[in-house]
Amino acid sequence: MPFRGHAGFTSRFQYFWSTWASLLCLPPHILYTLASPVQQAPALRGQMMRGHHRGGVNSGLEELEYHMPHDFEPQQTDRDPILPSRVRVKVLSSSKKGHFGKNGTIVFLHGAGGQADEYNHLWKNGEIDLPSGFTIVFVQSPRGSWDPLPSPWLRPTKYGEDQPRTLEWQVNDDVQILKHVLQELQEEAGGYSKLWLTGRSQGACLSVLLAVAGVGPTVAGAFAIAATALPQLQSIPFDGTYTAPSHDKLKGLRLGFYTGDRDTQFTGHHPWHSGGTFPLLKQTLTDLGFFSGDDEDHFWLKEGAGHGGIGPDAHFGADAFKVLFAFILKQDPTKAGVHSVTKW
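Residues numbered from 1 in each chain as written. Predicted model: local features only at pLDDT ≥ 70, side-chain atom pairs only at ≥ 80, totals over all residues. Heavy atoms only, no water.

> For the packing of aromatic side chains, give the residues involved together with the corresponding values.
Throughout the structure, instances matching the rule amount to 17 aromatic pairs. The interplanar angle of 55 degrees and the centroid separation of 5.4 Å between the aromatic rings of Phe-108 and Phe-321 together place this pair among those described as tilted. Separated by 213 residues along the polypeptide, Phe-108 in strand S4 (residues 104-109) and Phe-321 in helix H9 (residues 319-328) bring together distant segments of the chain. In terms of burial, Phe-108 and Phe-321 fall into one category: buried. Each ring, one from Phe-223 and one from Trp-300, has its centre 6.4 Å from the other, and the planes form 35 degrees; the classification is tilted. Of this pair, Phe-223 sits in strand S8 (residues 221-225) while Trp-300 sits in strand S10 (residues 299-302), placing them 77 residues apart in sequence. Residues Phe-223 and Trp-300 agree in their burial class; the two are buried. The rings of Phe-108, Tyr-119, Phe-138, Phe-321 and Phe-325 are connected pair by pair, giving a single aromatic cluster. Above the face of the Phe-327 ring, Arg-254 is positioned so that its terminal group lies 4.2 Å from the ring centre. (Phe/Tyr/Trp six-rings, centres within 6.5 Å; stacked < 30°, edge-to-face > 60°. Helix = DSSP H or I, 4+ residues; strand = E, 2+ residues; numbered from the N terminus. Buried < 20%, exposed > 50% of the residue type's maximum accessible area, 1.4 Å probe, protein only. Lys NZ or Arg CZ within 6 Å of the ring centre and 35° of its normal.)

> Outline the packing of helix H4 (residues 164-189) against helix H5 (residues 202-214), supporting the account with residue identities and numerical values.
Close contact between H4 and H5 brings their axes to 11 Å; oriented N to C, the two are set at 70 degrees. Considering the angle they form, H4 stands roughly perpendicular to H5. Side by side, H4 and H5 meet where Val-171, Asp-174, Val-175, Leu-178, Lys-179 and Leu-182 of the first sit next to Leu-206, Leu-209, Leu-210 and Gly-214 of the second. Broken down by class, the residue content of the contact of H4 with H5 amounts to 7 nonpolar, 1 polar and 2 charged. (Axes fitted to C-alpha atoms, helices over the stretch in contact; angles between N-to-C directions. Parallel < 35°, antiparallel > 145°, perpendicular 65-115°, else oblique. Contact = heavy atoms within 4.5 Å. Nonpolar A, V, L, I, M, F, W, Y, C, P; charged D, E, K, R; others polar.)

Next comes the structure, spelled out in structure tokens:
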């Protein structure tokens, strides 16, 4: 049944409002001061690394721009962080148009307290060890600010009980916008099967929703850093924006999750707790048909890290990318050179 106009929507969404209420993710340096020890990562097996030049500086990421079609009509336009009247999306790319990596394209969505530009700084400083043959792109939220957040994907959700529809509509608009951007990017990448969707916090939540139920074709995989299951993932609306995962997607989509073992941002519990994000994500995806007969690992924890301290960002560095790249290359994320990463 669709969400819009469905008589049971209000009670069902009130059940999920606490998920929305935790999506106000302030910048990491405000929320957390715990930084974990940094360990130099070895080169991933069999890979020539580019993007990291010890003692040197890289050129900046390429700026690409994508515009939503003129007939795009957002569901919600009058509540911060608002969308502009004409939506354009800035994407920072490690490759120029027409020269995307043949092995795949990694699409990263920043968190509520972040922006794409901070990853340009990490890139120029040589902190992102991108495996050879890959492209990485950083998508900037087109929304305005909500002080102190410069450009979140969703509005701060302390009003979730009173205005659940606002958050439903903002997620739906974000999904529509990002589906359009991914359609453009897959043409550069060589098809949807070459796309890896990832991000941190709000961006990670959206990346999983897009991979599982937003984008119809099966992408290569999704790797979510400090994420939870959005209400639209827990109960997929059949309203034209989302589709239930196909048989091919259930068998072919690779899914990975990574966060700090002290991250209590979304549920008030540590991620490994029965009321934490990892059991919620695992149960939600199992109910949809994922992980059946699957012998691959999907969940990893970093000891001592909270929601902000897990990174990757300008404040806490790029170690989380090492874990991400190991997952993509089917290597062991616990051996990616990041201190105290364990399998859950």
